[in-house]
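The lines below spell out each chain.
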Amino acid sequence: TKLILLDSLLQEIMFSTKCVPGRFKHILFSQSCSSIQANQQVQHFSAQTSVSSDYVTVEDKKIHFVKRGDGPHPLLFMPGALGTAMSDFSPQIENFDGSHFTIIGWDPPGYGKSQPPARDFKNFFRQDAEMAVKTMSNLGYDKFSLLGWSDGGITALISAASHPDKVNKLVVWGANAYIAQSDIEMIEKVADVSKWSDRMRKPMEDIYGSNFPSLWTAWCGAYQEYYAAGGDICREDLANITAPALVIHGMKDAMVAEEHIHFLHKNIARSRQVIWPEGKHNLHLKYKEEFNQMVQDFLLEE
């Protein structure tokens, strides 16, 4: 999606890599990595089951979702701004172990194939958080884990805080509970899509057509409104998260400031922090095998 492409425009300075024991040599753990060592039960394969595509009605909206696997642990993948399940998470949805997990990815209301209606950015994080939980409930899942990237990570934080009884585990990366000045400065650099290259615009134009520029402008405007109102998105919600959480940050993320990973780790009681020294905003795509293994191991921990 657009954040994958924009990350290449906004590269920060180089960071040295610190190695840790085990297979995840690109990653710096805040705690002993022994608790996320490779779980031998998780296998690397993608052909276990195919990805299905369907719709579910939630309130008055038709929500598109994809599904793969039939394992006992339901997961919901929550995409970033203007993203869809398959544009943001194909390597995860296609390669997570379907014997352990039932893997679901949704297109939030107004994104991807969950349109119409048109996207409404008024209080959209909290609206999406409620709709995500209702989507899983309508699909028949009373308890599940949430995996959110970027805006989807913010939505996942709010969902986990608002419905602690429904969330088994939480994984977020490229996410933030508030908007800092540096975040707004990054957004302002890419606000005008007419200055983007054709290569950058094409993925979003393929999904949204001629509506992409106005949709992107509305998203940028929503962030600026949050910042003008003090920047808070869900700071106070974090104390209500009771699920074990894995919070991840790439040190070369050009879209989300480093300060956010430390704030999340400090304020989510049962959180584990992972910093990827060479990771960018799209670290789950570039380091998909390491990322998939690490996250599945965390999800399968007793």
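Residues numbered from 1 in each chain as written. Predicted model: local features only at pLDDT ≥ 70, side-chain atom pairs only at ≥ 80, totals over all residues. Heavy atoms only, no water.

### So, the overall build of the protein
Helix and strand counts for the protein stand at 10 helices and nine strands. Residues classed as buried in the protein amount to 57% of the 302 residues present. A total accessible area of about 12400 Å² is found for the protein, and carbon and sulfur atoms account for 49% of it. (Helix = DSSP H or I, 4+ residues; strand = E, 2+ residues; numbered from the N terminus. Buried < 20%, exposed > 50% of the residue type's maximum accessible area, 1.4 Å probe, protein only. Areas by Shrake-Rupley, 256 points an atom, 1.4 Å probe, with all protein chains shown as cover.)

### Description of the nonpolar core
Most often, soluble globular proteins keep nonpolar side chains buried together rather than apart. Counting residues in hydrophobic clusters, the biggest one holds 62 residues, and the most contacted among them are Leu82, Leu157, Leu170, Trp216 and Trp219. For this core, the leading source of residues is helix H7 (residues 212–228), giving eight residues. Beyond its immediate chain neighbours, meaning those up to four positions away, Leu82 contacts Tyr111, Phe121, Met204, Tyr208, Phe212, Leu215, Trp216 and Trp219. In this structure, Ile93, Trp149, Val171 and Phe291 belong to the second largest nonpolar core, which totals 25 residues. (Core = buried A, V, L, I, M, F, W, Y, C linked by side-chain atoms within 4.5 Å. Contact = heavy atoms within 4.5 Å.)

### With respect to the packing of aromatic side chains
Tallying each qualifying case throughout the model produces 18 aromatic pairs. Residues Trp216 and Trp219 carry aromatic rings whose centres are separated by 4.7 Å and whose planes lie at 25° to one another, so their mutual orientation is stacked. Of this pair, Trp216 and Trp219 both sit in helix H7, three residues apart, roughly one helical turn. A single burial state applies to Trp216 and to Trp219, both of which are buried. Through successive ring pairs, a cluster of aromatic residues spans Tyr111, Phe121, Phe124, Phe125, Trp196, Phe212, Trp216, Trp219, Tyr223 and Tyr226. (Phe/Tyr/Trp six-rings, centres within 6.5 Å; stacked < 30°, edge-to-face > 60°.)

### So, the pairing of strand E9 (residues 271–276)
Burial of E9 is extensive: six of the six residues sit out of reach of the surface. Residues Ser271, Gln273 and Ile275 line one face of E9 and the alternating positions Arg272, Val274 and Trp276 line the opposite face, and both faces are buried. By the bridge criterion, six bridges tie strand E8 (residues 245–250) to E9 in an arrangement that is parallel. Opposite Ile248, over in E9, you have Val274 as the bridge partner. A crossover links E8 with its parallel partner E9, the connecting element being helix H8 (residues 259–267), and its sense is right-handed. (Pairing = 2+ DSSP bridges. Right-handed = clockwise from strand over helix to strand, strands pointing away.)

### Points about helix H3 (residues 124–138)
Counted at 1.5 Å a residue, the expected span for H3 with its 15 residues is 21 Å, and the 20 Å between its end C-alpha atoms agrees. Along H3, the residues classified as buried are Phe124, Phe125, Asp128, Ala129, Met131, Ala132, Val133, Thr135 and Met136. (Expected span 1.5 Å × (residues − 1).)

### Focus: the pairing of strand E7 (residues 167–173)
Burial within E7 is extensive, with six of its seven residues counted as buried. Sheet topology note: the strand E6 (residues 144–149)/E7 ladder contains five bridges and is parallel. Across the sheet, residue Leu147 finds its bridge partner in E7, namely Val171. Of the crossover connections in this fold, the one passing from E6 over helix H4 (residues 151–162) to the parallel E7 is right-handed. Across four bridges, E7 lies against E8 in parallel orientation. Within the sheet, the bridge partner assigned to Val171 lies in E8 and is Leu246.

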